[in-house]
Amino acid sequence: MKYRPRKYVAPPEGSLWSDQAARYLGIALTTLYKWRQNGYGPVPYPVGRKLAYELTVLDAWLHGQGRTNCKPVASAA
């Protein structure tokens, strides 16, 4: 069988794939996966079998304005 390289599929406009989002945030891809697993970090949305992150969500999360966690954070009361 002949090897066929996969075609690159661009993310939706205004979005980044997981690996691109990790680079944008300055973290390792595995860190982004762990954050998602633990309900921390920016929330992605599915596009087929991949996950995409909107740039506006990444920016809001970076600036702490839109704490877009999957799970609520317990307050230290």
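Structure: see above.
Residues numbered from 1 in each chain as written. Predicted model: local features only at pLDDT ≥ 70, side-chain atom pairs only at ≥ 80, totals over all residues. Heavy atoms only, no water.

Structural notes on the side chain of Ser18
Phase 1: Residue placement: Ser18 occurs in helix H1 (residues 18–25).
Phase 2: With relative accessibility at 9%, the residue Ser18 sits in the buried group.
Phase 3: Excluding residues that lie within four positions of it along the chain, Ser18 makes contacts with Leu29, Leu32, Tyr33, Leu51 and Tyr53. (Helix = DSSP H or I, 4+ residues; strand = E, 2+ residues; numbered from the N terminus. Buried < 20%, exposed > 50% of the residue type's maximum accessible area, 1.4 Å probe, protein only. Contact = heavy atoms within 4.5 Å.)

A few points about the packing of aromatic side chains
Phase 1: Counted according to the given criterion, the structure contains three aromatic pairs.
Phase 2: Note on Trp35 and Trp61: the rings are 5.2 Å apart at their centroids and 45° apart in plane angle, and the pair reads as tilted. Within this pair, whereas Trp35 is found in helix H2 (residues 29–37), its partner Trp61 is found in helix H3 (residues 55–62), the two being separated by 26 residues in sequence.
Phase 3: Residue classification places Trp61 among the buried residues on the basis of a relative accessible area of 15%.
Phase 4: Taken together, a centroid distance of 5.6 Å and an interplanar angle of 80° make the contact between Tyr40 and Trp61 edge-to-face. Within this pair, whereas Tyr40 is found in the loop between H2 and strand E2 (45–47), its partner Trp61 is found in helix H3, the two being separated by 21 residues in sequence.
Phase 5: By the ring-pair criterion, three or more aromatic residues cluster together here, those being Trp35, Tyr40 and Trp61.
Phase 6: Its guanidinium or amino end placed over the ring of Trp17, Lys50 lies 4.3 Å from that ring's centre, counting from NZ or CZ. (Phe/Tyr/Trp six-rings, centres within 6.5 Å; stacked < 30°, edge-to-face > 60°. Lys NZ or Arg CZ within 6 Å of the ring centre and 35° of its normal.)

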